[in-house]
Amino acid sequence: MEQWAATNLHDATLKDHSVQAVDDACRQLVRRLGEAGWFKYAVGGKSYGGSADAIDTRAVCLIRETLAWHSGLADFVFAMQGLGSGAISLFGSHEQKAKYLPRVAEGAAIAAFAISEPEAGSDVAALQCRAVKKGDEYGITGVKTWISNGGIADFYVVFARTSDVPGAKGISAFVVNANAAGLTIAERIDVMAPHPLARLEFKDCRVPPCQRLGEEGQGFKVAMATLDIFRSSVAAAALGFARRAMEEALRRSSSRKMFGHALADFQLTQAKLAKMATDIDCAALLTYRAAWLKDQGCPVTVEAAMAKMTATETAQQVIDAAIQIFGALGVVTDEPVEKLYREIRPLRIYEGATEVQQLIIARGIIKAFQESERPHG
Ligand SMILES: Cc1cc2nc3c(=O)[nH]c(=O)nc-3n(C[C@H](O)[C@H](O)[C@H](O)COP(=O)(O)OP(=O)(O)OC[C@H]3O[C@@H](n4cnc5c(N)ncnc54)[C@H](O)[C@@H]3O)c2cc1C
């Protein structure tokens with residue numbers, strides 16, 4: 001992967017941030033990553049184009065770490081093929097897998113994951129989008145926002161309420177083709193690290209029951225199981241960004257002369273570099289522990305949350321320290337460390353903000369403690 005990325009992604013900096021340029025760059029990356037065979041690791045099932053029968057979390061993490069080092073956009077493209085099709089790999093019927101996964105693995109179809117709504121982000125179980133049975137179809141009505149690949153995706157995995165049961169229990173998951181009648185891209189959203197992002201509107205968008213993933217009411221479980229795999233990979237992407245910033249900081253501080261020395265000769269700089277390197281290694285250990293546990297079939301919710309929280313927060317601090325070492329050069333638009341500063345920021349928010357990870361960790365350890373204290377009958 002490193003060799004492929006070094007050869008193929010050296011020209012990946014996108015200067016034009018228009019919707020058209022970003023869409024074109026993503027489509028091109030989908031094609032190149034697909035042709036090179038990397039999306040095989042983003043889907044599960046050898047007979048559906050996957051590299052193995054189950055998604056190999058450690059492979060996904062290693063690929064994301066490497067791609068992120070070279071290009072945030074390439075990492076984004078790879079991650080979304082996995083996140084957008086993950087629910088199909090995990091819960092799809094044979095027909096659903098055969099219909100979508102081989103095309104995702106080849107880069108012939110672009111995937112997206114649509115759960116967030118204007119009033120349901122961190123509190124995802126508050127989502128209001130509804131899927132109402134009408135004859136032998138569902139009619140989906142509602143709004144989804146912040147949807148990555150919105151506008152270029154060929155299909156969306158959409159989470160909607162199929163019953164009046166409140167909270168997590170009344171939610172179901174559906175695969176909705178991008179050309180389904182009643183689905184429109186209502187708005188394209190510009191963000192600091194440009195990638196395709198959109199608000200989607202569903203107006204009685206008709207979907208047959210064969211497009212439902214799993215049973216009615218299983219949608220929350222489908223979403224959480226998908227995130228359990230890909231949360232560790234967000235940590236891995238953060239590691240890639242942090243390691244790149246570390247390397248840039250080492251290079252710059254070794255070559256920049258001031259007061260008759262190289263910047264790296266000063267102990268204040270060395271303290272910074274030592275902390276950056278140590279924090280990166282701590283984050284790496286948590287990341288690959290979570291990925292390894294997942295691949296052993298162990299419950300991983302707490303460990304993945306620890307990894308995501310630590311790696312993304314660490315990467316932000318490491319990149320900030322790298323910018324400090326660069327001085328004014330660090331804030332010049334599209335300098336590698338400036339780009340990393342913009343690339344890392346959303347990772348502390350999406351797939352569960354840091355505060356949400358803190359709650360997941362705390363709930364998990366409190367529950368485990370209380371269960372261990374309960375008298376054995
Ligand atoms: C670049 C980007 C890409 C995204 N891609 C997708 C996608 O492909 N599909 C999709 O469905 N969604 C996507 N999202 C949406 C993302 O998952 C949500 O932004 C995220 O869940 C947070 O929801 P919110 O933005 O509504 O913030 P809110 O829910 O309004 O939260 C705001 C802040 O409140 C704090 N907070 C949250 N809970 C608590 C608490 N209990 N106690 C104290 N503080 C708290 C956190 O700091 C949080 O950042 C994307 C977001 C971004 C930025």
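Now for a look at the structure at hand. (Residues numbered from 1 in each chain as written. Predicted model: local features only at pLDDT ≥ 70, side-chain atom pairs only at ≥ 80, totals over all residues. Heavy atoms only, no water.)

## Some thoughts on the overall build of the protein chain
Put simply, the rule reads: Here a strand is any run of E in DSSP of at least two residues, a helix any run of H or I of at least four, and the numbering for each starts at the N terminus. Computation of the radius of gyration draws on C-alpha atoms alone. For the globule rule, the value is 2.2 Å times the number of residues to the power 0.38. Think of it in three bands: residues with accessible area under 20% of the maximum for their type are buried, residues over 50% are exposed, and the middle band is partly exposed, with areas taken using a 1.4 Å probe on protein chains only. Computed with the Shrake-Rupley method and a 1.4 Å probe, the accessible areas treat only the protein chains shown as cover for residues. Positive charges are assigned to Lys and Arg, negative charges to Asp and Glu, while His and the chain termini are left out of the count. The location of each charge is read from NZ of Lys, CZ of Arg, CG of Asp or CD of Glu.
Counting its secondary structure elements, the protein chain contains 10 helices and 10 strands. Against the 2.2 N^0.38 benchmark of 21 Å for 377 residues, the protein chain shows a C-alpha radius of gyration of 21 Å, consistent with a compact globule. Within the protein chain, buried positions represent 53% of all 377 residues. For the protein chain, the computed accessible surface area is about 16800 Å², with 55% contributed by carbon and sulfur atoms. Taken together, the 42 basic and 43 acidic charged side chains of the protein chain have centroids lying 1 Å from each other.

## Comments concerning the site of the ligand
Cut-off, in case you're wondering: Here, proximity means that at least one heavy atom of the residue falls within 4 Å of the molecule or strand. Under the rule applied, a polar contact is a pair of N or O atoms within 3.5 Å (in protein, one hydrogen donor and one hydrogen acceptor; residues adjacent in sequence only if both atoms are side-chain atoms). Note on residue categories: nonpolar means Ala, Val, Leu, Ile, Met, Phe, Trp, Tyr, Cys or Pro, charged means Asp, Glu, Lys or Arg, and polar means any other residue, Gly included.
Around the ligand, the surrounding shell holds 19 residues, and the nearest of these are Phe113, Ser116, Ser122, Trp146 and Glu355. A distance of 2.8 Å separates an oxygen atom of the ligand from a polar side-chain atom of Ser122. Between Ser148 and the ligand, the recorded distance is 2.9 Å, taken from a side-chain N or O atom to a nitrogen atom. Protein burial of the ligand: of its 980 Å² of free accessible surface, 65% is covered by the chains. For the shell around the ligand, the per-class residue count stands at 12 nonpolar, five polar and two charged.

## Side note on the nonpolar core
Inside soluble globular proteins, nonpolar side chains tend to come together where they are buried. Basically, it comes down to this: Only buried residues count toward a nonpolar core. Its members are Ala, Val, Leu, Ile, Met, Phe, Trp, Tyr and Cys residues joined through side-chain atoms within 4.5 Å. Note on contacts: a residue pair qualifies if any of its non-hydrogen atoms lie within 4.5 Å across the two residues.
Formed by 72 residues in total, the largest nonpolar core has its most connected members in Ile140, Phe155, Phe159 and Val176. Residues contacting Ile140, with those up to four places away along its chain left out, are Cys129, Arg130, Ala131, Ala160, Phe174, Val176, Phe202, Lys203, Asp204, Cys205 and Val207.

## A look at the environment of Arg31
For Arg31, the position within the fold is in helix H2 (residues 19-35). Distance in space between the C-alpha atoms of Arg31 and Glu106 is 8.0 Å, their sequence separation being 75 residues.

## What to know about the side chain of Glu303
Here is the rule we go by: Whenever a carboxyl oxygen of Asp or Glu lies within 4 Å of a side-chain nitrogen of Lys or Arg, that contact is scored as a salt bridge.
Turning to its location among the elements, Glu303 is positioned in helix H8 (residues 301-326). This buried residue, Glu303, is left without a salt bridge; Arg289 holds the nearest opposite charge, at 5.0 Å.

## A few points about unusual backbone geometry
With the exception of glycine, the majority of residues adopt a negative phi angle, and the majority of peptide bonds are in the trans configuration. In this structure, Trp146 is a non-glycine residue whose phi angle is positive, near 60 degrees. Residue classification places Trp146 among the exposed positions, given a relative accessible area of 53%. Its identity as a non-glycine residue notwithstanding, Phe259 has a phi of 50 degrees, on the positive side. As for its position among the elements, Phe259 is in the loop between strand S9 (257-258) and strand S10 (261-262).

## A word on helix H6 (residues 219-255)
For clarity, the threshold we go by: For a helix, the expected span equals 1.5 Å multiplied by the residue count minus one. At every residue, the bend is computed as the angle between two fitted axes, covering the seven residues ending there and the seven beginning there respectively.
With 37 residues, H6 should cover 54 Å at 1.5 Å per step; its first-to-last C-alpha distance of 54 Å lies within 8% of that length. Approximately 35 degrees is the largest bend angle found in H6, and it occurs at Asp228. Along H6, 26 of the 37 residues are buried, which leaves the element largely enclosed by surrounding structure.

## Some words on the layout of surface pockets
For the record, the criterion: Here a cavity denotes grid points, spaced 1 Å and computed from the protein atoms alone, that fit a 1.4 Å probe unable to get out, and a pocket denotes an open set having protein on both sides within 12 Å along at least 5 of 7 lines; residues with an atom within 4 Å of a point are the lining. Grid points are joined across faces, edges and corners, and a volume is the space filled by probe spheres set on the points.
For the second largest pocket, the calculated volume is near 210 Å³. Around the second largest pocket, the lining comprises 15 residues; the ones closest to its centre are Thr13, Trp69, His70, Arg244 and Lys339. Those elements that place two or more of their residues in the lining of the second largest pocket are helix H3 (57-70) and helix H9 (336-344). Partitioned by chemical class, the residues of the lining of the second largest pocket number seven nonpolar, five polar and three charged.

## Brief notes about the packing of H6 against helix H7 (residues 267-295)
Quick reminder of the rule: Lines fitted to C-alpha atoms define the axes, with helix axes restricted to the stretch in contact, and inter-axis angles between N-to-C directions lie between 0 and 180 degrees. With respect to orientation, any angle under 35 degrees is reported as roughly parallel, any angle over 145 as roughly antiparallel, any angle of 65 to 115 as roughly perpendicular, and every other angle as oblique. We call a crossing left-handed when the near helix sits turned anticlockwise from the far one by less than a right angle, and right-handed when that turn is clockwise.
Running from N to C, H6 and H7 cross one another at 160 degrees; their axes reach a closest spacing of 9 Å. The orientation of H6 relative to H7 falls into the category roughly antiparallel. Crossing angle aside, the handedness with which H6 passes H7 is left-handed. The class makeup of the residues in the contact of H6 with H7 is 17 nonpolar, four polar and four charged.

## Things to note about the pattern of salt bridges
A side chain of one charge can pair with a side chain of the opposite charge if their charged atoms are brought near each other. Within this structure, the stated rule accounts for 23 salt bridges. Between Lys144 and Glu117 there is a salt bridge; the shortest N-O distance is 2.8 Å. Of this pair, Lys144 sits in strand S3 (residues 137-148) while Glu117 sits in the loop between strand S1 (111-114) and strand S2 (130-134), placing them 27 residues apart in sequence. Residue Lys144 is classed as buried on the basis of its relative accessible area, which comes to 0%. In this structure, a network of salt bridges that share partners links the residues Lys134, Glu137, Asp204 and Arg206.

## Observations concerning the pairing of strand S5 (residues 171-177)
Stated formally: Between any two strands, at least two bridges found by DSSP are needed for them to pair.
Counting buried residues along S5, six of its seven residues qualify, which places the element largely inside the surrounding structure. Of the strand pairs in this sheet, strand S4 (residues 155-161) and S5 are connected by seven bridges, and their pairing is antiparallel. Its bridge partner lying in S5, Ala160 is registered against Ser172. With two bridges joining them, S5 and strand S8 (residues 212-213) adopt antiparallel strand pairing. When the bridges of S8 are listed, Ala173 appears paired with Leu213.

## Remarks on the packing of aromatic side chains
To keep things clear, this is the line we draw: For Phe, Tyr and Trp, where Trp contributes only its six-membered ring, two rings pair if their centres lie within 6.5 Å, and the inter-plane angle classes them as stacked under 30 degrees, edge-to-face over 60, or tilted in between. Here, a charge over a ring means that NZ of Lys or CZ of Arg falls within 6 Å of the ring centre while also lying within 35 degrees of the ring normal.
Using the criterion set out here, one finds seven aromatic pairs in the structure. Relative to Phe78, the ring of Phe39 lies with its centre 6.2 Å away and its plane at 20 degrees, an arrangement referred to as stacked. Taken together, the residues Phe39 in the loop between H2 and H3 and Phe78 in helix H4 (residues 72-91) connect sequence positions 39 residues apart. Neither Phe39 nor Phe78 differs from the other in exposure class; each is buried. Residues Tyr100 and Phe155 carry aromatic rings whose centres are separated by 4.7 Å and whose planes lie at 55 degrees to one another, so their mutual orientation is tilted. One end of the pair, Tyr100, is in helix H5 (residues 94-106); the other, Phe155, is in strand S4, with 55 residues separating them in the sequence. Take Tyr100: its relative accessible area is 1%, and that puts it in the buried class. The ring of Trp69 carries Arg244 above its face, with NZ or CZ at 4.4 Å from the centroid. Sitting over the face of the ring of Phe326, Arg252 holds its NZ or CZ atom 5.9 Å from the ring centroid.

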